[in-house]
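Summary of the model geometry
As a plain string of letters, each chain reads:
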Amino acid sequence: MKKALLILLVLGLAAAVLPAQEGRLRLSTTTSTENSGLLAVLLPPFEARTGLKVDVIAVGTGQALKLGEAGDVDVTLVHARALEDRFVAEGYGVNRRDVMHNDFIVIGPASDPAGVRGMMDAVAALRQIANRQAAFVSRGDNSGTHVMERDLWKAAGVTPSGRWYREAGQGMGPVITMANDLQGYTLADRGTYLAMKSKVALPILVEGDPRLFNPYGVIAVNPARFPHVNYLGAMQLIAWMTSVEGQGIIGGFKVGGEMLFFPDAVTD
Amino acid sequence: MLGALAEAIRLLFTGDREVYFIAWTSLHLSLVSVAVASALSLPLGFLIALKSFRGKKQLIAFLNALMALPTVVVGLLVYSFISRAGPLGFLGILFTPSAIHLGQVILCLPLITSLVYSALSRLDRRLPETLVTLGARRTEVFRMTILEGRIAILSAVLSGFGRVVGEVGVAMMLGGNIRWYTRTLTTAIALETSKGEFELGLALGIILMAIAFAVNFTLHGVIRHER
């Protein structure tokens with residue numbers, strides 16, 4: 001009796017340990033994309049139509065691409081063009097497509113001690129913040145936002161350091177919360193900002209600079225390099241995201257009456 | 001804080017399907033992990049307590065050191081093995097509940113083993129010796145010793161349960177916090193907190209504590225009943 005139970009236990013464990021992989025598609029993306037709520041409306045019609053179950057793994061941009069480089073996901077949706085291009089050039093990804101874009105904004109205290117409100121030049125604005133040593137919170141985590149921020153500092157000819165410059169090493173949400181607590185400045189993506197607007201007292205101070213353009217790309221992980229990936233599923237998802245219908249869902253997605261993402265794939 | 005308590009009650013009683021699913025995920029993942037770890041820890045702790053062998057002191061020191069590992073480090077170590085880029089990648093268990101099981105077993109095994117060992121080494125040595133002279137087989141000695149020390153061993157198992165049900169590093173790194181699949185109470189709390197939803201995070205935390213309390217209470221009741 002005991003022996004039978006033991007055998008049953010072992011078989012049960014074995015069955016439990018090795019999970020079924022068919023019908024699952026792994027998508028790595030950034031926390032800001034996931035937190036915007038877009039995927040919760042964009043993916044269900046795709047899942048219904050294809051019968052695939054999409055596992056969304058939301059991490060920082062660096063980690064999202066690293067998961068692709070290890071072959072741990074089938075497809076990735078990120079917003080760091082330079083890193084994406086390198087990902088494809090090094091053979092980890094194929095079939096990169098533009099999906100959508102939004103923009104970055106500089107938010108900060110209403111009192112605006114650095115006097116950047118309304119400036120159209122983000123580089124000049126950051127230079128002014130550095131000169132006045134106004135509190136600034138950085139993502140500090142190699143995310144798309146952090147890469148954009150670093151590029152702006154470089155263009156401004158400034159190496160930010162000192163007590164005023166806080167490298168948080170966290171996601172967009174916690175960084176905005178921190179900037180709110182400190183009543184300091186930060187560079188944020190419009191999507192996360194809109195989702196958190198009601199919880200913080202940080203108005204938009206700088207926007208509209210073409211340099212603040214934030215494009216999103218979707219890339220399938222290279223099946224030649226990783227034979228086990230669900231390449232068919234990845235291509236179906238890319239097709240969905242760039243289809244007229246998918247792009248319509250992206251364009252129709254609003255938070256507080258405002259559009260978060262501007263579709264890029266379908267041009268009339 | 002009161003707002004969080006009200007939110008927790010509301011979530012539980014309006015039957016929010018997603019919260020129930022997340023709570024259930026936390027519960028069954030932790031229970032299975034602790035069960036597997038205990039199945040290994042009990043005999044291991046028994047052997048360490050009752051037998052002397054070379055390197056015993058070093059083994060105990062090693063187990064104690066393992067307990068100091070942060071959960072995210074355990075998560076990273078296991079990730080490096082089960083990632084597709086790692087030696088066990090062919091199993092394909094990363095980002096599935098099985099990966100969380102593996103990481104959690106590794107987390108609580110040293111803890112339960114060292115607590116079982118210290119519980120059993122405090123028992124009267126004459127019990128196992130008497131059993132052996134009465135002709136009991138090794139498994140009988142094991143069974144009777146565990147029974148004798150069952151209250152302390154239950155504490156050991158519950159400590160292991162506490163360690164895994166409340167951890168976030170392993171569940172996040174190995175499970176991926178995938179909605180409706182590997183999202184646990186702890187990873188959900190981390191997510192909501194990062195979105196600034198502090199009240200919801202606290203509410204989920206209260207639910208987690210309620211579950212931990214219920215498990216403790218139930219298991220203590222079962223053991224007391226056995227007397």
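Residues numbered from 1 in each chain as written. Chains lettered and ligands numbered in written order. Predicted model: local features only at pLDDT ≥ 70, side-chain atom pairs only at ≥ 80, totals over all residues.

**Focus: the overall build of chain A**
A count of helical and extended segments in chain A gives 11 helices and 12 strands. By its C-alpha atoms, chain A is 75 × 55 × 40 Å across when sized along the principal axes. Residues classed as buried in chain A amount to 46% of the 268 residues present. A separation threshold of at least 6 residues defines the contact pool for chain A, and within that pool the share at least 24 residues apart is 76%. (Helix = DSSP H or I, 4+ residues; strand = E, 2+ residues; numbered from the N terminus. Buried ≥ 20, exposed ≤ 12 C-beta atoms within 10 Å, placed from the backbone. Contact = placed C-beta atoms within 7 Å.)

**Describing the interface of chain A and chain B**
Taken together, the 22 residues of chain A in the interface contact 18 residues of chain B. Where the side of chain A that touches chain B is concerned, the elements lending two or more residues are α1 (2-17), α2 (31-36), β2 (53-59) and α8 (172-182) of chain A. For the side of chain A that touches chain B, the per-class residue count stands at 11 nonpolar, seven polar and four charged. (Nonpolar A, V, L, I, M, F, W, Y, C, P; charged D, E, K, R; others polar.)

**Focus on the domain arrangement of chain A**
Residue and element names in this part refer to chain A. Here chain A is partitioned into domain 1 (21-102 + 213-263) and domain 2 (103-212). A straight line from the C-alpha centre of domain 1 to that of domain 2 covers 26 Å. Ranked by the residues each element gives to the side of domain 1 that touches domain 2, the list is headed by α2, at four residues. (Domains from an automatic or database assignment.)

**A look at the packing of helix α5 (residues 97-121) of chain B against helix α8 (residues 150-165) of chain B**
All names here are of chain B. The interhelical angle for the contact between α5 and α8, taken along N-to-C directions, is 155 degrees, at an axis separation of 9 Å. Overall, the two elements α5 and α8 adopt an arrangement that is roughly antiparallel. You can see that α5 and α8 cross each other, and the crossing is right-handed. Residue-level contacts link Q104, L107, C108, L111, I112, L115, V116 and A119 of α5 to A152, I153, S155, A156, V157, S159, G160, R163 and V164 of α8. Classifying every residue of the contact of α5 with α8 by side-chain character gives 12 nonpolar, four polar and one charged. (Axes fitted to C-alpha atoms, helices over the stretch in contact; angles between N-to-C directions. Parallel < 35°, antiparallel > 145°, perpendicular 65-115°, else oblique. Left-handed = near helix turned anticlockwise from the far one by under 90°.)

**Details of the nonpolar core**
What tends to happen in soluble globular proteins is that the nonpolar side chains get buried as a cluster. A:V75 and A:V106 are the most contacted members of the largest nonpolar core, which has 127 residues in total. Ranked by residues supplied to this core, first place goes to α5(B) with 14 residues. Here this core gathers at least three residues from each of two domains, domain 1 (21-102 + 213-263) and domain 2 (103-212) of chain A. Non-local contacts of A:V75, meaning those with residues more than four positions away in its chain, are made with A:L25, A:L27, A:V218, A:I219, A:A220, A:V221, A:A234, A:L237 and A:I238. (Core = buried A, V, L, I, M, F, W, Y, C linked by C-beta atoms within 7 Å.)

**Remarks on helix α6 (residues 122-132) of chain A**
Think of an α-helix as 3.6 residues a turn; residues three or four steps apart then line up on the same face. All names here are of chain A. Taken residue by residue, α6 has A122, A125, L126, I129 and A130 as its buried positions. Take α6 and look down its axis: the buried residues cluster within an arc of 140 degrees, on one side only. On its buried face, α6 is in contact with β4 (93-107), β5 (136-138), α7 (144-156), β7 (185-189) and β8 (204-206). Q133 sits one or two residues past α6 and shows a positive phi near 55 degrees. (Arc of directions from axis to C-beta.)

**Comments concerning the pairing of β7(A)**
Residue and element names in this part refer to chain A. Summarising burial for β7: five of the five residues are buried, a large majority. Examined bridge by bridge, β4 and β7 share four bridges and lie antiparallel to one another. Bridged to F104 within β7 is D189. Where β5 and β7 come together, two bridges link them in parallel fashion. From the neighbouring strand, V137 faces β7, where its bridge partner is T186. (Pairing = 2+ DSSP bridges.)

**Details of the packing of helix α2 (residues 17-50) of chain B against α5(B)**
All names here are of chain B. Interhelical geometry of α2 versus α5 gives an angle of 35 degrees and a closest axis separation of 6 Å. Of the two possible hands of crossing, α2 and α5 adopt the one that is right-handed. Its residues placed into classes, the contact of α2 with α5 shows 21 nonpolar, nine polar and no charged.

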